[in-house]
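Structural description and commentary
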Amino acid sequence: MALATRPMSSAAHAGAEPRAGGRIMCEALVHEGVRVLFGYPGGAIMPFYDALYACPELQHVLVRHEQGATHAADGFARATGQVGVCVGTSGPGATNMVTGLANAYMDSVPMVAITGQVARPALGKDSFQETDVIGVTMGVTKHNILVEHAADLGPAIHEAFAIARTGRPGPVLIDVPKDVQFELADYEPASVDMPRSFPSDTEIERDLRRAAQMLDTASSPIILAGHGVLLSRGWDALRTLAERTGIPVTTTLLGLSAFPESHPLSLGMPGMHGHASANHAIDEADVIFAVGMRFDDRVTGKVTEFAPRAQIIHVDIETAELEKVVPTAQPIHGDARDIMERLGRLVRPNRHDTWLDRIQGWERPTEPLQDGLTHPAQLFAAIKRIAGSDATLVTDVGQNQMWAAQLYGYDHPNTHITSGGLGTMGFALPAAMGVQIGRPDRQVWVIAGDGGIQMNIQELQTVADLGLELKVVIVNNGYLGMVRQWQSFFHGGRYSATPISSPNYLLLARAYGHAGVKVDRVSELDEALQWAVRTPGTAIVDVAVDQERNVYPMIPSGQSVRSMIQDPE
Amino acid sequence: MTHPALTVHFADRTGSADRILSLLRRRGFPLGGITLERTHEPGIRRMTVGVSQESAIPQVRRHLSRLPDVVSVQVADGEAMHREYAMARVRCTPEQRAEIVSLLGAFGGRPLSFGADTVVLEATGFAQQLDALFAALQVYGIEESARTSPIALRQEEPHEDSPRGTVSERD
């Protein structure tokens, strides 16, 4: 993997003389520890790109669409824990970034997006490529800043990074008029610390003692762990807490890989397409320790029937999440890892064998598999066998995503990356670029449907530029499968606009300089995946699956575990 | 009845008031009136946000407190002073002037200028007081009127009720 570098002298040294806004932007980014940014130039961001040309510390990845830049920055941030950075021009460049910002906002991903804007005298005049990006992105960013003077650029960028990574992370957009990028100003690097306040130690200690007592005296407790555990790098604390208390753990879609699924205390994922045992366990639990999760409707179903017997302890870094959806017996405002580490020292060692046996009884035996088309269970079992144990799966949205969530079995922290809150088709491929740039030594797999892969497929050329080694699996059923499944269940089987054709992915792979193979029968699967791993560079494996296979179990939207639909097979 | 209100201090920056308003709209909170105010502190503006359902106050407060521009969010409940300001142009013959002036005096208002057959007046008061004044002025004929939503101020500096329920971030 080689990123283009320019043999120019460094621009990133502090000096006393005034310099152009574009150069201040580069210096401030370097000061924030940025080494890679994903972007696409255009008229209103040219002075910044001109400064970038003379800033070898910053490696720029030229994507093929600004949405790709946002998802790549998102993937980079999730893989590394650092703030992802993306850049675009005004107008269409900025509006193309909106989906990626919304995606990062919903999934609490730290990101800074920089957009060019028309020059100050042209603002508000419907100028060429002018869009009120501050107005447009207000609802999909944690914060946004229009920088009106070059002297404000440094402070604005440092503030943006601080906001993006402090507390519950999220995306921040900085909009910079073109003439501000030209304007001269002084710049001194300065780090910004966001003021944060948690409840006092006495209050936290009191909350923790109450929570510990609830966990100690519970007879059927569970831990419901979300993305906050991964964001706080709290997987060890989670495991310690679970093992000490003997409490089983279920992880939300974004919490997957925070707890090893091969662990005897793992219940897998709850919710609409969650494991039956996890949903039944929530239904019967008397105490739920919910940590770093936000009771999304895909987890709760009908809120009034969610966990009807449970007293809920809810830990979140964001107070606005506490008591937003469900009533809570013990809210705790704090960082997931910190709270779990402290709680782990207060709880007493315990076991819940009867409770675990009861949960086991809810798990349905896996169905026997036959030869023929690849069954999703066979596909993900094969990927698990053949991929490296620390491989990361970056998944798209829909049936492929749910099967990847249910069937793979994530054992290593932060090896599952997906678009959870927004459900953005076309996320996986560009996000995987960012993941692999962040983790150059680890295998990165893209899991996408034949619908999602065709959104943002242009990034295969960026992948080629960078020489990335992505293993791309297309779960190909010739349908927009999840929508077809809903049509089958809830719309009388009228498949309105869901059959979708595909290009020849083998020829397409070749056109972009990659390799490709097609898997028509499950007997060809292992060999194809092994070939993909052996093949240097990026390889596409187009796997035909049963066209009308559904994701089971399924709790229909807004209903409870009692309405769960199981696989009729 | 006057709604309980939140008083929000925030940095006067590009888009900061928009961000507060768009958050309130986006989250669909049950709101009463909203008033945008200046303060004695340079760079700090203030907003009084009426909340029509008392139970929603903690959620509204927590969400507002997340905004980086927001300096503090405080509850202005029953103990706070709530006042509105109104102006109106009312039909008024020269013979009616004395009568209207005395009516205004009873409701906390005063005339600002008299025209040939109109008076422009102003009034301040709590909501019911101004409701009553406007009802009385209807008799003469209101040509045009403007009335702010309440602004609220507490008698005492609120002591911090930070734990749970409410938020102390940045207050």
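Here, the structure is the one placed above.
Just so we're clear, the structure is a prediction, and the values are computed from it rather than from any experiment.

Here we come to the overall build of chain B. Scanning chain B for helices and strands turns up 4 helices and 9 strands. Structurally, chain B occupies a C-alpha span of about 60 × 30 × 30 Å along its principal axes. For chain B, the residues scored as buried account for 46% of the 171 residues in total. Look at the contacts in chain B between residues 6 or more apart in sequence, and 71% of them connect residues 24 or more apart. Approximately 8,600 Å² of chain B is accessible, and the part contributed by carbon and sulfur atoms is 53%. Treating the 20 positive side-chain charges of chain B as one cloud and the 22 negative ones as another, the clouds have centres 7 Å apart.

Turning our eyes to something else, we now look at the side chain of Thr137 of chain A. All names here are of chain A. Residue position: Thr137 is located in helix α6 (residues 133-137). A polar side-chain atom of Thr137 sits 2.7 Å from the main-chain carbonyl oxygen of Val133. Ignoring any residue separated from it by four or fewer positions in sequence, one finds Thr137 in contact with Val98, Leu101, Asn144 and Leu173.

Residue and element names in this part refer to chain A. The biggest cluster of nonpolar side chains holds 52 residues, and the ones touching the most others in it are Phe38, Val394, Ile437, Val446, Ile453 and Leu470. By residue number, the principal contributor to this core is helix α18 (residues 428-438), which donates 7 residues. Per-domain counts for this core show at least three residues from each of domain 1 (19-185) and domain 3 (376-551). Judged by nonpolar contacts, the second largest core, of 37 residues, contains Leu29, Leu37, Ala156 and Ala164.

Here we take up the packing of helix α11 (residues 235-245) of chain A against helix α14 (residues 336-346) of chain A. Residues and elements named next belong to chain A. Relative orientation of the contacting elements α11 and α14 amounts to 30 degrees, with a least axis distance of 9 Å. If you check the angle between α11 and α14, you find them roughly parallel. In this structure, α11 meets α14 at a crossing whose hand is left-handed. Contact residues: α11 offers Ala237, Leu238, Leu241 and Arg244, while α14 offers Arg337, Met340, Glu341, Leu343 and Gly344.

What follows is about the environment of Ala16 of chain A. All names here are of chain A. Along the polypeptide, Ala16 turns up in the segment before β1 (19-20). Its relative accessible area of 69% is what places Ala16 among the exposed residues. Taking C-alpha positions, Ala16 is 8.3 Å from Glu188, a pair spaced 172 residues apart along the chain.

Our focus in this paragraph is the pattern of salt bridges. Within the structure shown, the criterion is met by 39 salt bridges over all chains. The shortest N-O distance in the salt bridge between Arg294 of chain A and Asp296 of chain A comes to 3.5 Å. Overall, the relative accessible area of 21% leaves Arg294 of chain A in the partly exposed class. In this structure, the salt-bridge partner of Lys518 of chain A is Asp520 of chain A, at a minimum N-O distance of 2.9 Å. Residue Lys518 of chain A is classed as partly exposed on the basis of its relative accessible area of 38%. The class of Asp520 of chain A is partly exposed, set by a relative accessible area of 37%. Overlapping salt bridges, with partners in common, bring together Glu159 of chain A together with Arg13, Arg19 and Asp69 of chain B in one network.

The rules behind these values
Residues numbered from 1 in each chain as written. Chains lettered and ligands numbered in written order. Predicted model: local features only at pLDDT ≥ 70, side-chain atom pairs only at ≥ 80, totals over all residues. Heavy atoms only, no water. Helix = DSSP H or I, 4+ residues; strand = E, 2+ residues; numbered from the N terminus. Buried < 20%, exposed > 50% of the residue type's maximum accessible area, 1.4 Å probe, protein only. Contact = heavy atoms within 4.5 Å. Areas by Shrake-Rupley, 256 points an atom, 1.4 Å probe, with all protein chains shown as cover. Lys, Arg positive; Asp, Glu negative; His and termini not counted. Charge placed at Lys NZ, Arg CZ, Asp CG, Glu CD. Polar contact = N/O pair within 3.5 Å; in protein donor to acceptor, adjacent residues only side chain to side chain. Core = buried A, V, L, I, M, F, W, Y, C linked by side-chain atoms within 4.5 Å. Domains from an automatic or database assignment. Axes fitted to C-alpha atoms, helices over the stretch in contact; angles between N-to-C directions. Parallel < 35°, antiparallel > 145°, perpendicular 65-115°, else oblique. Left-handed = near helix turned anticlockwise from the far one by under 90°. Salt bridge = Lys/Arg side-chain N within 4 Å of Asp/Glu carboxyl O.

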